[in-house]
Amino acid sequence: MKIVTYNVNGLRPRVSQFGSLRKLLDSFDADIICFQETKLSRQELKADLVQAEGYESFFSCTRTTQKGRTGYSGVATFCRVKSAFSSYEVSLPVSAEEGFTGVLKESSGLLSRKSEYSSTVEGLEEFSSEELLKIDGEGRCIITDHEHFVLFNVYGPRAQSDDTERIQFKHKFFNIMQKRWESLLGQGRRVFVVGDLNIAPSAIDCCEAGPDFEKNEFRTWFRSLLVRNGGAFFDVFREKHPQRTKAYTCWPTNSGAEEFNFGTRIDHLLGAGPCLHKGENQEHTLVACHVKECDILEQFKRWKAGNTPRHKDINSRNAKLEGSDHAPVYMSLVEIPNIQLHNTPSLSTRYCPQVYGCQQTLVSMFAKRPSTEEINLSGGSSSISDDRIVVERCSQLNKRPLHPCPGSSDLTQQGVRCTSNDCPEDSQRESPSGSPYSEIGHIESFSSVVSKKKARQSQLTLKSFFQKTVGASGDSSRLFSDKELIQENISIPYCESNGTSTDGADTAKELQSEQSTSMQEASPQPSEKENNDMALVEWQRIQQLMQTTIPLCKGHKEPCVSRVVKKSGPNLGRRFYVCARAEGPSSNPEANCGFFKWATAKSKNKR
């Protein structure tokens, strides 16, 4: 049997990276796969993200409404089975539980019902139901009972050194979880704990650990769990590789530290309890007798051997590497016999209403649906963005009613309208809603708005700024500014004060032809060589400007990359520059030199 733990840093992007959930799961070739940091809310549990043929899945999602933590964290356990019913397979659990405090044990599936919360775990009587619910409310644990052992899939909380509230939460989280482990071990059960615990226990598990690294309270607590320090658990990886260095499973997200393997080992597999052999002595343990191997799956790292260093490829300096910032860790178990006949537990997502759907209510059958006219008016909802543009413009047009220009029958027949600001007050009147030109005018105005929106989004080339282009049919020159083009468009359907309208099309053509003639007479068309020379000079000017505004790092004399402060505080949103090279050991001259400089006040204001 093979068990894998993997912090996916968002299940949705990992499924997209591999093409489907089934392909992602099959890539591990494992019987039990434990994911952390799925970043899915209960409303997002759809079949394509939680169900795959040949696997049973169990999810825990965050329940908290605290700002910044909705849709955060989350864990999931996938079990590869041949049958979900009447199975003897150990990989299919006989029972499953969301959380570890016991307050969610009575809930049905993933739907929590507050009236059913009850603290049933031995040793947790000192905590109130509200405290326990807060611990389990962030979706950080799934427990599956496989009869021979109990498996904890855990995503440990992270706490900054200056965040007192999260430090207290982390203390309480692991304190309560340890009581649950001790309760199970006291009953003679075998326990495996896998997942991202957000703790690097020893200096060997972190790049360039300082002299006080191991004095951290959480690292001290972790080591106290281990058998060599009087605890009950084995660190399975260190049991198999006690002296291996640079065995890291997590790297900083944006610094490119994977290039130099500059990370930490915070993804763990812990095991405790007796072995399955009868008449075992003190040396026969679950890990010693049944764990054959344990290692890091290096092939899932984002940085692959042979990749071009980030500082040598200008396009990849600010690009994010595809994949999670963690690497999976696995262990193989041997001599695990089958168990009694059983079915998949009720916590399985196959019973989750968000996945298989809910029964339609009587009220929903009488709910108002959009009419055919509304659907057609919005253009068949070809895209969400276009629909939003149309709806916003519709509301603006409704606030400023349109009126036909008096005496402009030609323009009226063409569907051209003018606003109340363009027409004199004595000529303003409301047009009947059923008039044909009313609908035509609205539709044409909508299409023009959408086309202008798309036109503004198209990116111009550098060479286009140095060319003069005049269309044969009298189209306006590209040298015109947007303001001039807007003024031209407004002036075409033109209403005079005496109530008569001019011919907009003829006026526009005359105006454009006069401007084109005057421009051609004023400046003759430059040759292609002159255009190329102008472009070259301008590009050199831009490069010189970039060199003067983007600082060079002191270690390598190379252009820096810009970053923005995202942590809350006085510098939130402030821009700064750092060395473009990947983070690595300070002894390596090829790694990041540590250069740092705040951007100018002008750049900060622009941000």
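Refer to the structure above for everything that follows.
In this text the structure is predicted, and so the values were computed from the model without any measurement.

Looking now at the overall build of the chain. Within the chain, the secondary structure is distributed over 18 helices and 17 strands. In the chain, buried positions account for 42% of the 607 residues. Across the chain, the fraction of contacts at a sequence separation of at least 24, relative to all contacts at a separation of at least 6, is 69%.

Read from one edge to the other, the open sheet built from 3 strands follows the order S15-S16-S17, with strand pairing classed as antiparallel. Strand pairing shows two members of the sheet lacking a second neighbour, strand S15 (561-564) and strand S17 (596-598), which therefore form its edges. The sheet shows a mean angle of 30 degrees between the axes of neighbouring strands, direction not considered. Bridge analysis of S15 against strand S16 (residues 575-578) gives 4 bridges, and the strand direction is antiparallel.

Okay, unusual backbone geometry next. Backbone geometry places Glu208, a non-glycine residue, at a positive phi of 50 degrees. Tracing the backbone shows Glu208 in the loop between strand S8 (191-196) and helix H6 (217-224). For Glu208, a relative accessible area of 47% gives the class partly exposed. For Lys246, which is not glycine, the phi torsion reads 55 degrees and is therefore positive. Tracing the chain through its elements places Lys246 in the loop between helix H7 (236-240) and strand S10 (267-272).

Attention shifts here to the pattern of salt bridges. For the structure on display, the rule yields 22 salt bridges. Among the ionic pairs, Glu138 bridges to Arg140, the shortest N-O distance being 2.8 Å. Just as Glu138 is buried, Arg140 falls in that class too. Measuring nitrogen to oxygen at the nearest pair gives 3.4 Å for the salt bridge that ties Asp212 to Lys215. The exposure classification of Asp212 matches that of Lys215, with both residues exposed. Among the charged side chains, a network of salt bridges with common partners joins Asp205, Asp235, Arg238 and Arg265.

Let us look at the packing of aromatic side chains. Following the criterion strictly, the structure yields 19 aromatic pairs and no others. Plain terms: the ring middles of Phe174 and Trp221 are 4.7 Å apart, the flat faces sit at 35 degrees to each other, and that makes the pair tilted. Within this pair, whereas Phe174 is found in helix H5 (residues 164-186), its partner Trp221 is found in helix H6, the two being separated by 47 residues in sequence. Judged by centre distance (5.2 Å) and plane angle (85 degrees), the ring pair of Phe596 and Trp598 falls under edge-to-face.

Let us look at helix H1 (residues 11-18). Every buried residue of H1 is listed here: Leu11, Arg14 and Val15. Projected down its long axis, H1 carries its buried residues within an arc of 100 degrees, all on one side. For H1, the secondary structure elements touched by its buried residues are strand S1 (2-7), helix H2 (21-26), strand S2 (32-36), helix H3 (47-50) and strand S3 (55-60). Downstream of H1 by a residue or two, Gly19 has a phi angle that is positive, lying close to 100 degrees.

The next thing to look at is the nonpolar core. Phe100, Phe152, Val154, Phe173, Trp181, Val193 and Phe233 are the most contacted members of the largest nonpolar core, which has 33 residues in total. Secondary structure elements with two or more residues in this core: helix H4 (129-136), strand S6 (141-145), strand S7 (150-155), H5, S8, H6 and S10. Looking at this core, the element that brings in the most residues is H5, giving 8 residues. With residues near it in sequence (within four places) discarded, Trp181 still touches Phe152, Val191, Val193, Trp221, Leu225 and Phe233. Core analysis: the second largest hydrophobic core is formed by 29 residues, Val287, Ala327, Met331 and Ile336 among them.

With that settled, the discussion passes to the packing of H4 against H5. Two elements in contact, H4 and H5, have axes separated by 10 Å at closest approach and are oriented at 100 degrees. Comparing the axis directions of H4 and H5 gives the class roughly perpendicular. Counted together, Glu131, Leu132, Lys134 and Ile135 of H4 and Glu165, Phe169, Lys172, Phe173 and Ile176 of H5 form the full contact between these two elements. In terms of residue class, the contact of H4 with H5 is made up of 5 nonpolar, no polar and 4 charged.

This part takes up the packing of H5 against H6. Relative orientation of the contacting elements H5 and H6 amounts to 10 degrees, with a least axis distance of 12 Å. On the basis of their axis angle, the class for H5 and H6 is roughly parallel. In contact with Ile167, Lys170, His171, Phe174, Gln178 and Trp181 of H5, H6 contributes Glu217, Phe218 and Trp221.

In this model H5 runs 33 Å from its N-terminal to its C-terminal C-alpha over 23 residues, within 8% of the 33 Å that 1.5 Å per residue would give. Arg166, Ile167, Phe169, Lys170, Phe173, Phe174, Ile176, Met177, Arg180, Trp181, Ser183 and Leu184 are the residues of H5 that are buried. Where the residues of H5 are buried, they touch strand S5 (95-98), H4, S6, S7, S8 and H6. At the C-terminal side of H5, Gly188 shows a positive phi close to 85 degrees.

Let's shift gears to the environment of Ala247. One can find Ala247 in the loop between H7 and S10. The exposure class of Ala247 is buried, given its relative accessible area of 3%. Along the chain, Ala247 and Cys206 lie 41 residues apart, while their C-alpha atoms are 8.7 Å from each other. In this structure, Ala247 is in contact with Phe237, Arg265 and Ile296, ignoring residues within four places of it in sequence.

Most of S8 sits out of view: 6 of its 6 residues are buried. Where S7 meets S8, 6 bridges bridge the pair, whose relative direction is parallel. Counted as the bridge partner of Leu151 is Phe192 from S8. With H5 bridging S7 and its parallel neighbour S8, the resulting β-α-β unit is right-handed.

Mapped onto the elements of the fold, Lys301 is located in the loop between strand S11 (291-296) and strand S12 (329-333). Filtering out sequence-adjacent residues up to four positions away, Lys301 remains in contact with Trp251, Glu258, Asn261 and Ala327.

A few words now on the sheet that holds S2. With mixed pairing, the 6 strands of this open sheet are ordered in space as S3-S4-S2-S1-S12-S11. Strands with a single pairing partner mark the edges of an open sheet, and in this sheet they are S3 and S11. Sheet twist, expressed as the mean angle between neighbouring strand axes with direction ignored, is 15 degrees. Relative to strand S4 (residues 75-80), S3 is paired through 6 bridges, and the arrangement is antiparallel. Residue pairing in the sheet places Phe59 in a bridge with Ala76 of S4.

What counts, and at which threshold
- Per chain, residues are indexed from 1 in the order of the written sequence.
- Thresholds applied to this predicted model are a pLDDT of at least 70 for local features of residues and 80 or more for the giving and counting of side-chain atom pairs; totals over whole chains, interfaces and linings are not thresholded and use all residues.
- Working from all heavy atoms in the structure, the side-chain values ignore hydrogens and water.
- Each helix corresponds to a stretch of at least 4 residues labelled H or I by DSSP, and each strand to a stretch of at least 2 residues labelled E; elements are numbered beginning at the N terminus.
- Under the scheme applied here, a residue whose accessible area is under 20% of the maximum for its type counts as buried, over 50% as exposed, and between as partly exposed, the area being computed with a 1.4 Å probe on protein chains only.
- When checking whether two residues touch, look at their non-hydrogen atoms; a contact exists if any pair is within 4.5 Å.
- If DSSP finds at least two bridges between two strands, the strands pair.
- To obtain each axis, a line is fitted to C-alpha atoms, and for helices this fit is confined to the stretch in contact; angles are then taken between N-to-C directions over 0 to 180 degrees.
- Between Lys or Arg on one side and Asp or Glu on the other, a salt bridge is scored when a side-chain nitrogen of the former is within 4 Å of a carboxyl oxygen of the latter.
- Aromatic contacts are taken between Phe, Tyr and Trp rings whose centres are within 6.5 Å, Trp giving its six-membered ring; a plane angle under 30 degrees counts as stacked, one over 60 as edge-to-face, and the others as tilted.
- Arc, as used here, means the arc of the directions from the helix axis to the C-beta atoms.
- We call a set of buried Ala, Val, Leu, Ile, Met, Phe, Trp, Tyr and Cys residues a nonpolar core when their side-chain atoms join them within 4.5 Å.
- Under this scheme an angle from 65 to 115 degrees is roughly perpendicular, one under 35 degrees roughly parallel, and one over 145 degrees roughly antiparallel; angles in between are oblique.
- Charged means Asp, Glu, Lys or Arg here, nonpolar means Ala, Val, Leu, Ile, Met, Phe, Trp, Tyr, Cys or Pro, and polar covers whatever is left, Gly included.
- Expected span, for any helix, means 1.5 Å times one less than how many residues it has.
- Crossovers are described as right-handed under a simple rule: with the strands pointing away from the observer, the path leading from the first strand over the helix to the second runs clockwise.

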